[in-house]
Amino acid sequence: MSYSPIIQKTIEYIETNLHESLSLESIAEFAGFSKYHYHRVFQKEAGVTVSEYIRYRRIANAANMLLYTGEKIIDIAFYYRFETQESFTRSFKKYYKLPPGQYRRIMGKLTLQKEEVTLSNEEVLKGWHLSGSHPFNYKMGIDREIFHKGKGSGFLKAVKVETNGEFATMMQEFNAEKYLGKRLKLSGFLKSKAVDGFCGFWMRIDNTLGDVLQFDNMGNRPITGDTEWNYYSIVLDIPENSAVICFGVLLSGNGQVWIDELKFEEVDDSIPTTNLDFRGILLDEPINLSFEE
């Protein structure tokens, strides 16, 4: 059984209620599970406990407010449900290694300096490159104001889309040798704005001849329009004759998509593959050869 839809539904609920009181019991009830079962499912799927997820998302949003608003630190702490400024400071230092006040002073200056410097895509996103049908109509980069965790996220944005069907991807590729014969899961967080085509993660497994062995671009579960941060994953088998693993985020049409916290992990056969098997559309025999139907 895939729990991804349930996890996505509850993360959406959490994201829209970070400034409200959130408990494991209330979230599990929203998901329709017992709190013990939901706790296990969430941690297995997302890699962190529910309480840890809520804590670091509140801290990330607080970091954004420290840099881009003039709100008092104590007001930010109370808004994100910390009982005291001291408890907020302890939690904040765990993730950012600085107390909130120093973070505002030091990082605020650095952020302004970075925003004044224009860099090429290659310099901005080490290891990533832009591809697709019309990559010149899109832009990729780092967003230091919108992020899921840490200090920034990657983004892919349409600049000038001229016709339907245009798309671009920010992507990487690496050697498959380490994962031969294994099942690999790509997961991460994604946020979208005004996407009029679709967007999503994608992963492809190629052999030495460039033939596609496994592939998923979330085409059967596309993300469109405006969505808050949520968790998505792709699971593919890596056949023994695999050579290259390619992955990234795809944006078709207009809009913008942000990605953060991508990770790869080996999983067992209890985690279902998301491979899009195009062989299922093939007929056993040709039909309507006389064009009478």
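Each remark here, short or long, concerns the structure printed above.
Because the structure is a prediction, the values reported are computed rather than measured. (Residues numbered from 1 in each chain as written. Predicted model: local features only at pLDDT ≥ 70, side-chain atom pairs only at ≥ 80, totals over all residues. Heavy atoms only, no water.)

Novice: Provide a residue-level description of the overall build of the protein chain, including the pertinent values.
Specialist: Secondary structure assignment for the protein chain yields eight helices and nine strands. In terms of principal-axis extent, the alpha carbons of the protein chain reach across some 75 × 50 × 45 Å. Here the protein chain holds 293 residues, and the buried ones make up 45% of them. Pairs at least 24 residues apart make up 74% of the contacts formed inside the protein chain by residues separated by at least 6 positions. A total of about 15,900 Å² of accessible surface is found on the protein chain, and carbon and sulfur atoms cover 51% of it. If the 34 positive side-chain charges of the protein chain are averaged to one point and the 40 negative ones to another, these points end up 12 Å apart. (Helix = DSSP H or I, 4+ residues; strand = E, 2+ residues; numbered from the N terminus. Buried < 20%, exposed > 50% of the residue type's maximum accessible area, 1.4 Å probe, protein only. Contact = heavy atoms within 4.5 Å. Areas by Shrake-Rupley, 256 points an atom, 1.4 Å probe, with all protein chains shown as cover. Lys, Arg positive; Asp, Glu negative; His and termini not counted. Charge placed at Lys NZ, Arg CZ, Asp CG, Glu CD.)

Novice: So what's going on with the packing of aromatic side chains? Residues and values would help.
Specialist: In the structure shown here, the tally under the stated rule is 20 aromatic pairs. Their ring planes at 55° and their centres at 5.8 Å tell us that Phe-88 and Phe-92 sit as a pair that is tilted. Here the residue Phe-88 and the residue Phe-92 both occupy positions in helix H6 (residues 85-96), the gap between them amounting to four residues, near one helical turn. In terms of burial, Phe-88 and Phe-92 fall into one category: buried. Through a chain of ring-to-ring contacts, the aromatic side chains of Tyr-3, Phe-33, Tyr-38, Phe-42, Tyr-53, Tyr-56, Tyr-95, Phe-189 and Tyr-231 assemble into a single cluster. Above the ring of Phe-30, the side-chain terminus of Lys-9 is found at 5.2 Å from the ring centroid. Sitting over the face of the ring of Tyr-56, Lys-149 holds its NZ or CZ atom 4.4 Å from the ring centroid. (Phe/Tyr/Trp six-rings, centres within 6.5 Å; stacked < 30°, edge-to-face > 60°. Lys NZ or Arg CZ within 6 Å of the ring centre and 35° of its normal.)

Novice: Account for the pairing of strand E8 (residues 244-252), naming residues and giving values.
Specialist: Taking burial as the measure, the nine residues of E8 include eight buried ones, the bulk of the element. Pairing of strand E4 (residues 167-175) with E8, which is carried by nine bridges, proceeds in the antiparallel orientation. Note on E8: the bridge partner recorded for Ala-168 is Leu-251. (Pairing = 2+ DSSP bridges.)

Novice: An account of unusual backbone geometry is needed here, citing residue identities and associated values.
Specialist: Phi is positive for Lys-97, which is not a glycine, with a value near 65°. Topologically, Lys-97 is positioned in the loop between H6 and helix H7 (100-115). Given the relative accessible area of 65%, Lys-97 is considered exposed. A positive phi angle, near 60°, is found at Met-218, a position not held by glycine.

Novice: With reference to specific residues and values, describe the nonpolar core.
Specialist: Tyr-38, Phe-42, Phe-88 and Tyr-96 are the most contacted members of the largest nonpolar core, which has 43 residues in total. Every element with two or more residues in this core is listed here: helix H1 (4-15), helix H2 (24-31), helix H3 (35-46), helix H4 (50-68), helix H5 (73-79), H6, H7 and strand E7 (223-237). In terms of residue count, H4 provides more of this core than any other element does, eleven residues in total. For Tyr-38, the contacting residues outside a window of four places in its chain are Ile-7, Thr-10, Leu-24, Ile-27, Ala-28, Ala-31, Phe-33 and Val-50. Core analysis: the next-biggest nonpolar cluster, separate from the first, contains 31 residues, Ala-158, Met-170, Ile-205 and Leu-236 among them. (Core = buried A, V, L, I, M, F, W, Y, C linked by side-chain atoms within 4.5 Å.)

Novice: Could you give an account of the pairing of strand E5 (residues 183-206), with specific residues and numbers?
Specialist: Counting buried residues in E5 gives 18 out of 24 residues, a clear majority hidden from the surface. When E5 meets E7, the two strands line up antiparallel, connected through eleven bridges. For Arg-183, the partnering residue across the bridge sits in E7 and is Asp-237. Inspection of the sheet shows E5 paired to strand E9 (residues 256-267) by ten bridges, in the antiparallel sense. Bridge assignment links Lys-193 to a residue of E9, and that residue is Gln-256. Note that E5 and E8 share nine bridges and pair antiparallel. Bridge pairing in E8 links Arg-204 to Cys-246.

Novice: If you had to explain the side chain of Thr-49 to someone new, which residues and values would you point to?
Specialist: Counting through the fold element by element, Thr-49 comes out in the loop between H3 and H4. A polar side-chain atom of Thr-49 sits 3.3 Å from a polar atom in the side chain of Ser-51. Excluding anything up to four places from it in sequence, Thr-49 contacts His-39, Phe-42 and Gln-43. (Polar contact = N/O pair within 3.5 Å; in protein donor to acceptor, adjacent residues only side chain to side chain.)

Novice: Break down H1 for me, citing the residues and quoting the values.
Specialist: Taking 1.5 Å of rise per residue, the twelve residues of H1 would be expected to cover 16 Å, and the 16 Å separating its terminal C-alpha atoms lies within 8% of that figure. Listing the buried residues of H1 in full gives Ser-4, Ile-6, Ile-7, Thr-10, Ile-11, Ile-14 and Glu-15. Projection of H1 onto a plane perpendicular to its axis shows the buried side chains occupying an angular sector of 165°, all on one side. Tucked inside the fold, the buried residues of H1 contact H2, H3, H4, E5 and E7. (Expected span 1.5 Å × (residues − 1). Arc of directions from axis to C-beta.)

Novice: Before we move on, could you go through the pattern of salt bridges and cite the residues and values that matter?
Specialist: Applying the stated rule across the entire model yields eleven salt bridges. With a closest N to O distance of 3.0 Å, Glu-25 and Lys-35 form a salt bridge. Placement of Glu-25 in helix H2 and of Lys-35 in helix H3 is noted, with a sequence separation of ten residues between them. Take Glu-25: its relative accessible area is 41%, and that puts it in the partly exposed class. Residues Lys-94 and Glu-52 are paired through a salt bridge, measuring 3.8 Å at the closest nitrogen-oxygen approach. Of this pair, Lys-94 sits in helix H6 while Glu-52 sits in helix H4, and the two are 42 residues apart along the sequence. (Salt bridge = Lys/Arg side-chain N within 4 Å of Asp/Glu carboxyl O.)

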